[in-house]
Structure formats: C-alpha cells, structure tokens
Amino acid sequence: MKSVRVTFCCVALFASCGCAHLATVKQTRPVVPATGSDKQLQPAIQRLAAWEREQPLVSLGGDLFAARFSLNVLEQQPDNLSARNLYNFSVARAVANVERANIQPWRREVSVTVDQTNYLLTTPKPVDQEHDPSRYDLFPTDSLKISGQFFKTRPSISGIGAPLVAVGRVENPRSREQFKLRRVYAPVTAVIKFADKRAELEFVDPMKTERVAIGKRTFPLAIDLNAPTAMLIARERPERLGFARVINPQKYADTTRLTRLQQFDPARTPVIFVHGL
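Residues numbered from 1 in each chain as written. Predicted model: local features only at pLDDT ≥ 70, side-chain atom pairs only at ≥ 80, totals over all residues. Heavy atoms only, no water.

**Topic: helix α4 (residues 81-101)**
No. 1: Taking 1.5 Å of rise per residue, the 21 residues of α4 would be expected to cover 30 Å, and the 30 Å separating its terminal C-alpha atoms lies within 8% of that figure.
No. 2: Most of α4 is tucked away: 15 of the 21 residues are buried.
No. 3: The opening residue of α4, the one whose side-chain oxygen lies 3.1 Å from the backbone nitrogen of Ser82, is Asn80.
No. 4: Downstream of α4 by one or two residues, Asn102 has phi in the positive range, about 55°. (Helix = DSSP H or I, 4+ residues; strand = E, 2+ residues; numbered from the N terminus. Expected span 1.5 Å × (residues − 1). Buried < 20%, exposed > 50% of the residue type's maximum accessible area, 1.4 Å probe, protein only. Polar contact = N/O pair within 3.5 Å; in protein donor to acceptor, adjacent residues only side chain to side chain.)

The structure is reproduced here in structure tokens:
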C-alpha cells in the first residue's frame, strides 16, 4: 500500500508539472517609453509615432532619426534615462524594420531617406558563418511578454542598446556531436552608431561585452539573458519529455546528450548540470 501511495504521488507530481507551462512567450506591440516632463525628446517621439505604420524602409528612417536625436541628448546628458530608453526603443524598432524590409546591411550598405537626407545603413561583416545575422530571426525583447513557472520575475541589466533574442532559422544536424542545441536561442544586444551620414548597426555579444563605446562616451550594455532561455523552453517544451524518460529510461537512452548553452570560453570554468529526481 505504501509503494502504491509513493507511485501515485510521483505520477501526480509529474502530471502537475506537465500541465503548467514552465515558460510562455507572446509577442506584443511595444509602447514608446514615457519621457515625463523632458520636452527636448518630443521631436523624436513625434517622428516615431508619425512613421510607425509606414512601409518598413520609411519607418526605419524614423527609427534612425529618433535614435540619433536621443543619442545626441545622451552625449550632453549621459545620465538622462528618458533619452537612453528612447534610444533603446528606437534601435529595437530599427532591427524589427530591417527584418520586415528583408534587407541585409551586413552584406551591402542600404540607403535610408530621412527628411530628404540619405543615411547609409551598414553592419560590420560577420566574423564567421555562426555570426551571420541572416541565419537568425531577431526578436527585440521589449516586444515579448514572458511568463510561466520559471519566469515569474524578469531580471535584466539596464544599459544602452536593444536586447534581442536570436533564434536559428534551421536546426543544426551536427548538434549532438558538437555538444550544441539543435536550434540556437542566443542573447544579443543591438546598438546603432552614427558618423556624419552613416549609421552602423552593430550586434554585440553580451556574454563577452559589458560596456560599449558610442560616440565620445562609454556606456554599460543593456543585457537580457532570460528572454532567450524562456523562448527556448517555450518552443522546445522539455517538460513534456521528462516523465517518459523517468518511467522508461532505457527506451530513450539514445537521446542522452551533453549540451553547451553558450560558446566555449577557455577563460571560464565549465559547469555541468545533471537533471534527475
């Protein structure tokens, strides 16, 4: 009788875990951050609002205008949180419009018209195939609503830039032998730097960089490490597999694997988590 009760409790526990989602991620429409009584940012906000529903390249022009405008304020007032938030919002919308317009400034520069002035939008060429932005769908984290058992709070690091989730568009057929996830879910932070009529969109690895130089100043980098993990769990649903493997481990022995959650760094000590009861 005692063994029956223990078995029942285990089944009930796993059943309850299976019903409740560990993570849910939904895309939402982001709202322009409030600037309070800071009237100097109104021209940028008005431009964003006026061009928000235009074609992607037109909207991208408004994003670049607002990003440069708010960055100019930051150059004079580096502690102005309203200007920083507006810059981050503008960069996030620029990335979204680059995706919508299906342009690839990392392959060739793109001309974007802003008030009869042409900006040349560029991105540094990828250092290798793994860092090619065209291999990923990019999701600004300010447009993601995240919840679930594992994500009742959402910690992040404040700073400059637009945190993104980079999701691999295809699965890696050699993921098992390379100790990688089948599909990449990686944190990235986007920044835009300006020089005359050039706008450089740069994708920064927050696992390697904590501060970034923009113009004449250096700022802490905005970082969101939770959003990629939430999207991985929400899409891959690992909780659906756990109970079956506990009950019948031999059947799933060939699925046992060791997976790296980030690129190998020889300067860091690897930590291995082994899941079990």
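**Topic: the environment of Met207**
No. 1: Position of Met207 among the secondary structure elements: in the loop between β8 (198-204) and β9 (211-214).
No. 2: Among the residues examined, Met207 registers a relative accessible area of 24% and is labelled partly exposed.
No. 3: Separated by 55 residues in the primary sequence, Met207 and Gln262 place their C-alpha atoms 8.4 Å from one another.
No. 4: Apart from the residues lying within four places of it in its own chain, the contact partners of Met207 are Pro187, Leu225, Gln262 and Arg268. (Contact = heavy atoms within 4.5 Å.)

**Re the packing of aromatic side chains**
No. 1: Inspection of every chain in the model, using the stated rule, returns 3 aromatic pairs.
No. 2: Between Trp106 and Phe203, the aromatic rings sit 6.3 Å apart at their centres with planes inclined by 65°, giving edge-to-face as the arrangement. Of this pair, Trp106 sits in the loop between α4 and β2 (110-114) while Phe203 sits in strand β8, and the two are 97 residues apart along the sequence.
No. 3: If you follow Arg47 out to its NZ or CZ, it ends over the ring of Trp51, 4.7 Å from the centre.
No. 4: Lying across the ring of Phe89, Arg93 places its NZ or CZ 4.7 Å from the centre. (Phe/Tyr/Trp six-rings, centres within 6.5 Å; stacked < 30°, edge-to-face > 60°. Lys NZ or Arg CZ within 6 Å of the ring centre and 35° of its normal.)

**A short note on the pairing of strand β6 (residues 162-168)**
No. 1: Along β6, 7 of the 7 residues are buried, which leaves the element largely enclosed by surrounding structure.
No. 2: Here β6 shows no split at all, with Ala162, Leu164, Ala166 and Gly168 on one side and Pro163, Val165 and Val167 on the other all buried.
No. 3: In this structure, strand β4 (residues 136-140) lies alongside β6, joined through 5 bridges in antiparallel fashion. Within the sheet, the bridge partner assigned to Tyr136 lies in β6 and is Gly168.
No. 4: Summarising the sheet, β6 and strand β7 (residues 185-195) pair through 6 bridges and their orientation is antiparallel. From the neighbouring strand, Pro163 faces β7, where its bridge partner is Thr189. (Pairing = 2+ DSSP bridges.)

**Remarks on the sheet that holds strand β3 (residues 117-122)**
No. 1: Taken together, 6 strands build an open sheet; the order of strands is β2-β3-β8-β7-β6-β4 and the sheet is mixed. With partners counted over all chains shown, the strands left at the sheet margins are β2 and β4, one partner each. For this sheet the average axis-to-axis angle between neighbouring strands, irrespective of direction, equals 35°. (Axes fitted to C-alpha atoms, helices over the stretch in contact; angles between N-to-C directions.)

**Re the packing of helix α3 (residues 56-76) against α4**
In helix packing, the relevant descriptors are the interaxial angle and the interaxial distance, both defined with respect to the helix axes.
No. 1: Between α3 and α4, whose axes approach to 8 Å, the crossing angle comes to 155°. Relative to α4, the element α3 lies roughly antiparallel. Seen along the crossing, α3 lies across α4 with a hand that is left-handed. Within the contact between the two elements, α3 uses Pro56, Leu57, Ser59, Leu60, Asp63, Ala66, Ala67, Ser70, Leu71, Val73 and Leu74 and α4 uses Ala83, Arg84, Leu86, Tyr87, Ser90, Arg93, Ala94, Asn97, Val98, Arg100 and Ala101.
No. 2: Counted by class, the contact of α3 with α4 contains 14 nonpolar, 4 polar and 4 charged residues. (Parallel < 35°, antiparallel > 145°, perpendicular 65-115°, else oblique. Left-handed = near helix turned anticlockwise from the far one by under 90°. Nonpolar A, V, L, I, M, F, W, Y, C, P; charged D, E, K, R; others polar.)

**Topic: the nonpolar core**
No. 1: Counting residues in each nonpolar core, the largest one holds 47 residues, and the members touching the most others are Leu60, Tyr87, Leu121, Ile160, Ile192 and Ile214.
No. 2: When residues in this core are grouped by element, the largest group, 9 residues, is from α4.
No. 3: The next biggest cluster of nonpolar side chains, apart from the first, holds 14 residues, and it includes Leu144, Tyr185, Ala227 and Ile233. (Core = buried A, V, L, I, M, F, W, Y, C linked by side-chain atoms within 4.5 Å.)

**Examining the pairing of β8**
No. 1: Where β3 and β8 come together, 3 bridges link them in parallel fashion. Each bridged residue has a counterpart across the sheet, and for Thr122 the counterpart in β8 is Glu200.
No. 2: In this structure, β7 lies alongside β8, joined through 7 bridges in antiparallel fashion. Within β8, the residue paired with Thr189 across the bridge is Val204.

**Some points on the pattern of salt bridges**
No. 1: Enumeration over the complete set of coordinates arrives at 10 salt bridges.
No. 2: The closest approach of N and O atoms between Arg154 and Asp224, which form a salt bridge, is 3.3 Å. On the criterion of sequence distance, the pair formed by Arg154 in the loop between β5 (144-147) and β6 and Asp224 in the loop between β10 (217-220) and α5 (226-236) is long-range, its members being 70 residues apart.
No. 3: On the accessibility criterion, Arg154 (35% relative accessible area) is partly exposed.
No. 4: By relative accessible area, Asp224 is classed as buried at 5%.
No. 5: Between Arg182 and Glu236 there is a salt bridge; the shortest N-O distance is 3.4 Å. Linking Arg182 in the loop between β6 and β7 with Glu236 in helix α5, this pair joins segments that are 54 residues apart in sequence.
No. 6: Look at Arg182 and you get partly exposed, because its relative accessible area is 44%. (Salt bridge = Lys/Arg side-chain N within 4 Å of Asp/Glu carboxyl O.)

Take it as geometry only, folks, not as evidence of what the structure does.
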